[in-house]
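# Structural overview
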Amino acid sequence: MSVLNSILAMQGRTKTLKQMYNSFKLLLCEPTKMPHAKWQLSSSCIILFICSLSFAAVEDNAWCRYESAYFELSTDLKAERALHLHNFLEQFRVAAQVALELQDEPPLERVQIIAFRRQRDFKTLTGTSKYIGFMQPSLTQSILVLGTSKPGALRNRVAAHEYVHYLMRKTSQDFHPMWYEEGMAGYLSTLKIGRKGIVLGEVPENMFNNIVGRDIDLEQLLSENSQSRWSQRKTRKFYEEAWLLVHYFRHGPHTQDQVNNFLQQINNGADNETAFRESFSTNIRNMEKALAVYARRIRPFQQSIAYTPPASTPQPDTRCLSPYEVRATLGRAMQVHNPDWAIKLLVKQLSHHPQDLSALTHLSEIYASTGDSDKAIRLAEATLDKYPNHPSSQIQLANMIVSTCLAKRSDVCFKKLKFAQNLYRKALRNTPERIDGVFGMGMTQLFMGRPGEAIKYFQVAYLRAPWAPILNFYLGETYREIGDELNARLYLSRANYWAIQPGIQQLSARAYALLQNKSRSGPPSL
């Protein structure tokens with residue numbers, strides 16, 4: 001059976017996608033007799049028609065790609081606006097590195113950017129109106145998705161905000177609390193690039209009136225670690241207060257050494273009260289009062305940094321995308337926020353291009369992320385059987401094998417893990433930069449009972465992705481296994497703080513409890 005037929009069989013499809021759609025359309029759009037009216041479309045038909053127009057329009061628009069050394073911008077924006085966005089990001093990248101005091105240019109990867117021309121497309125696909133952009137990090141590629149249809153300044157600010165997240169995570173070995181990362185991203189997104197330098201500290205007009213006179217619960221602000229269930233109002237409030245605290249630390253009556261010490265205390269696991277006392281010789285309540293006074297007296301444009309902009313901005317290579325490239329790009333961008341739609345898009349992609357290895361592997365990844373491990377494994381096996389030397393397929397199948405043997409100590413699983421290990425080695429031989437492959441090697445060592453070997457792989461992966469909760473969890477868990485309680489506490493607490501997925505939070509808390517009880521039982525499983 002071909003790989004494509006395997007996919008269609010998994011989906012339970014006996015008809016082509018077009019036939020299924022037409023059948024569904026006929027079922028819902030049967031004309032209905034209404035009193036005192038002619039034949040009309042049913043409400044179900046209208047809803048289906050609107051949704052189909054929305055989805056079709058996204059992928060059927062004219063999408064083009066603008067590629068340079070640091071950015072790969074895919075967008076249906078008109079060329080002039082697309083180039084404006086690309087050039088702004090090139091200029092902002094250099095200025096932000098200066099503002100963050102990154103003395104030597106770090107080894108940055110090329111960030112993939114998806115920019116929607118219409119905000120309604122973004123809202124439809126993500127299913128949210130709480131935000132208009134997000135950074136989607138992974139162990140393989142960082143994707144920045146922009147959904148604002150507002151031209152110029154706002155789009156640039158959203159792009160800058162999300163790119164700061166990437167810079168902070170990519171260039172620091174420290175774990176930043178959510179308030180600090182979001183606050184710094186908002187703070188730097190308003191920087192101004194002049195002929196003589198960078199100007200920092202602008203107070204956005206729409207934020208100023210909201211902040212002045214507000215009472216802030218500083219303990220709550222400092223303790224937040226997830227926005228997943230917040231209302232739009234609470235989300236906006238958090239962003240404003242995080243921005244204010246960062247502005248206060250940058251321009252208030254503190255030295256940078258005090259601020260750095262405070263962040264380091266938090267990074268090392270200190271509670272907020274202790275960190276304030278050790279760094280600022282004050283407590284949270286007094287800091288709240290000082291912050292309220294600062295909010296009433298806040299002034300814009302308070303800091304200038306000498307800076308000579310580059311003589312020219314690198315111009316991107318430009319080409320327009322084929323329909324199947326658009327489907328693959330959008331499917332990748334929506335795999336977290338709208339996996340069902342991403343699956344449909346990739347199946348459609350494969351119906352036209354059944355040998356698209358990237359789409360095949362990506363489809364298996366999405367099935368795995370939705371908990372459908374049977375489909376994920378069958379698709380990974382079928383893909384690798386047909387394309388045995390494809391690194392991404394090797395890593396994906398190895399990942400699925402490891403996932404079936406987490407915390408299982410048996411001869412069968414030992415053999416499976418050895419096979420997965422061999423797949424990781426083959427993939428890394430051709431693509432040594434794959435962090436997910438290095439992480440996978442660590443996983444096989446850990447679950448084969450070799451924590452000392454596992455930690456070597458986890459440490460290598462951590463150097464390139466210190467922000468990843470899953471990496472922090474397994475680093476902490478492995479340190480717990482070998483008896484290094486200090487490092488175990490550090491990494492497990494980071495994993496719990498930064499994890500979006502409840503599963504990792506629960507596992508981190510469980511492992512931490514085992515640590516407290518001096519337990520050396522086997523590692524928890526995902």
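Small disclaimer: the values here were computed from a predicted structure and weren't measured.

With that settled, the discussion passes to the overall build of the protein chain. Of regular secondary structure, the protein chain possesses 24 helices and 9 strands. When burial is assessed residue by residue, the protein chain has 51% of its 526 residues classed as buried. Per element, the accessible surface of the protein chain, about 25400 Å² overall, is 52% carbon and sulfur.

A word on the sheet that holds strand S7 (residues 197–200). Read from one edge of the open sheet, 3 strands run S6-S7-S8, paired in antiparallel fashion. At either margin of the open sheet sits one strand with a lone partner, and together these are strand S6 (192–193) and strand S8 (303–306).

Soluble globular proteins: nonpolar side chains tend toward being buried together. Counting residues in hydrophobic clusters, the biggest one holds 70 residues, and the most contacted among them are Tyr163 and Trp179. Listed in part, the 48 residues of the second largest apolar core include Ile435, Ala454, Leu492 and Ala511.

What follows is about the side chain of Asp76. Within the fold, Asp76 resides in the loop between strand S2 (71–75) and helix H4 (79–99). A polar contact of 2.9 Å, which involves the side chain of Asp76, links it to the side chain of Asn61. Looking at Asp76, its side chain comes within polar contact range of the main-chain nitrogen of Arg117, at 2.7 Å. If we ignore the near neighbours within four places in the chain, the residues touching Asp76 are Asn61, Ala62, Trp63, Ala115, Phe116 and Arg117.

Another aspect to go through is the state of the cysteines. Summed over all chains, the structure comprises 2 disulfides. A sulfur-sulfur separation of 2.1 Å characterises the disulfide bridge that pairs Cys64 with Cys320. Taking the sign of the S-S torsion, 60° for the link of Cys64 and Cys320, the bridge is right-handed. In this pair, Cys64 is assigned in strand S1 (residues 64–67) and Cys320 in strand S9 (residues 317–320), connecting sequence segments 256 residues apart.

Below, the discussion takes up a positive patch on the surface. Residues Lys418, Arg425, Lys426, Arg429 and Arg450 make up a contiguous surface patch of positive charge. When its relative accessible area of 62% is taken as the criterion, Arg429 is described as exposed.

Scoring rules and cut-offs
- Residues numbered from 1 in each chain as written.
- Predicted model: local features only at pLDDT ≥ 70, side-chain atom pairs only at ≥ 80, totals over all residues.
- Heavy atoms only, no water.
- Helix = DSSP H or I, 4+ residues; strand = E, 2+ residues; numbered from the N terminus.
- Buried < 20%, exposed > 50% of the residue type's maximum accessible area, 1.4 Å probe, protein only.
- Areas by Shrake-Rupley, 256 points an atom, 1.4 Å probe, with all protein chains shown as cover.
- Pairing = 2+ DSSP bridges.
- Core = buried A, V, L, I, M, F, W, Y, C linked by side-chain atoms within 4.5 Å.
- Polar contact = N/O pair within 3.5 Å; in protein donor to acceptor, adjacent residues only side chain to side chain.
- Contact = heavy atoms within 4.5 Å.
- Disulfide = S-S within 2.5 Å.
- Patch = residues over 30% accessible without salt bridge, like charges linked within 9 Å, V, L, I, M, F, W, Y side chains within 5 Å.
- Salt bridge = Lys/Arg side-chain N within 4 Å of Asp/Glu carboxyl O.
- Lys, Arg positive; Asp, Glu negative; His and termini not counted.
- Charge placed at Lys NZ, Arg CZ, Asp CG, Glu CD.

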